[in-house]
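# Structural overview for review
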Amino acid sequence: MYEKDVKKIFTKFLEKQSKKFKTPTRAAPDLLIDNIAVEIEGSWINFKVTLEKYVRYSLEYPSLETVFPADSLDVIKLYQLFLLEKLLEKKKRPPIKVHLVTEAEKGNFAIKTFSTVQELYDKTVDRILDNLERAKDLAKDEESEKIFLTLIFADEEIKNLLMEETKASENKISLEH
């Protein structure tokens, strides 16, 4: 999903909620909502550049919100966001709000909001552990293989469960007229 499409979906979501936002013109966050920095990403992210912006914005603005396609997060990105939030917590800064976007069906999108990265992180870990819990009824070698494959393909597990979680959200946006 391209960043411009994610931005179009998210701004329509904000309009639907009657939230006022600004699009800054200078080098600044993608959106400002009541002076809160909102940074919007596409599926293909240079996460080092992104993290640098997140650090800067989370210290310059009252708080930070991020918007991602549900398929763009992986183990490393999720953990880096989690660590950033924990570091901000130590500096008495607010947590990072995360909005995930995915296509629910052609032309219709779903948005899932997590009030903190911790909430997103916990939900992800819990869902993976629930999936592994079902493996305990398998034969030992099958259980071992299931655990191993889950760990090896954790990025895909995360993308799939976040897309499922987002699609199940009640926040729906249609780009068709």
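Throughout what follows, the structure given in this document is the object of discussion. (Residues numbered from 1 in each chain as written. Predicted model: local features only at pLDDT ≥ 70, side-chain atom pairs only at ≥ 80, totals over all residues. Heavy atoms only, no water.)

### Structural notes on unusual backbone geometry
Basically, it comes down to this: Put simply, DSSP marks the helices as runs of H or I at least four residues long and the strands as runs of E at least two long, and each gets a number from the N terminus on. For each residue, the accessible area found with a 1.4 Å probe, counting protein chains only, is set against the maximum for its type, and the residue is called buried under 20%, exposed over 50%, and partly exposed in between.
Phi angles above zero are rare outside glycine, and Asp34 is one such case at about 50 degrees. Turning to its location among the elements, Asp34 is positioned in the loop between strand S1 (31-33) and strand S2 (36-40). Its identity is not glycine, yet Asn35 carries a phi of approximately 65 degrees, on the positive side. Mapped onto the elements, Asn35 comes out in the loop between S1 and S2. Relative accessible area serves as the criterion here: at 43%, Asn35 is assigned to the partly exposed category.

### Concerning the nonpolar core
Put simply, the rule reads: Among buried residues, those of type Ala, Val, Leu, Ile, Met, Phe, Trp, Tyr and Cys that are joined through side-chain atoms within 4.5 Å constitute a nonpolar core. Residue contacts follow a heavy-atom distance rule, with two residues in contact if any of their heavy atoms lie within 4.5 Å.
Formed by 29 residues in total, the largest nonpolar core has its most connected members in Tyr54, Phe68, Val98, Leu100, Leu120 and Leu162. Broken down by secondary-structure element, the contributors of at least two residues to this core are helix H2 (47-60), strand S3 (64-69), helix H3 (75-90), strand S4 (97-105), helix H4 (117-133) and helix H6 (154-167). Residues within four places of Leu120 in sequence aside, it is in contact with Leu73, Leu78, Val98, Leu100, Phe114 and Leu162. Judged by nonpolar contacts, the second largest core, of 14 residues, contains Phe10, Leu14, Val67 and Ile111.

### Description of the layout of surface pockets
Filter applied, for reference: The rule is simple: put a 1 Å grid over the protein atoms alone, call a set of points where a 1.4 Å probe fits but cannot get out a cavity, call an open set with protein on both sides within 12 Å along at least five of seven lines a pocket, and count a residue as lining if it has an atom within 4 Å of a point. Grid points are joined across faces, edges and corners, and a volume is the space filled by probe spheres set on the points. Charged residues are taken to be Asp, Glu, Lys and Arg, nonpolar residues to be Ala, Val, Leu, Ile, Met, Phe, Trp, Tyr, Cys and Pro, and polar residues to be all remaining types, Gly included.
Here the largest pocket is characterised by a volume of approximately 230 Å³. Val75, Val125, Ile128, Ala154 and Ile158 are, among the 13 residues lining the largest pocket, the residues nearest its centre. Breaking the lining of the largest pocket down by element, the ones donating at least two residues are H3, H4, helix H5 (140-152) and H6. The dominant element in the lining of the largest pocket, judged by the number of residues it contributes, is H4, at six residues. Residues that form the lining of the largest pocket fall into these classes: eleven nonpolar, two polar and no charged.

### Topic: the side chain of Thr11
With respect to the helices, strands and loops of the structure, Thr11 is situated in helix H1 (residues 3-16). On the basis of relative accessible area, Thr11 is assigned to the buried category, the value being 14%. Those residues within four positions of Thr11 in sequence are excluded, and the remaining contacts are Phe21 and Leu31.

### Comments concerning the sheet that holds S4
The following threshold applies: A pair of strands is considered paired only if DSSP assigns at least 2 bridges between the two. Every angle, taken between N-to-C directions, lies between 0 and 180 degrees, and every axis is a line fitted to C-alpha atoms, over only the stretch in contact when it is a helix.
Spatially, six strands are ordered S1-S2-S3-S4-S5-S6 in an open sheet, and the strand pairing comes out mixed. In the strand order of this sheet, the two ends are held by S1 and strand S6 (171-174), each with one partner. Within the sheet, the average angular offset between the axes of one strand and its neighbour, ignoring direction, is 25 degrees. Sheet topology places S3 next to S4; five bridges connect them, and they run parallel. Along S4, the bridge assignment pairs Glu65 with Lys97.

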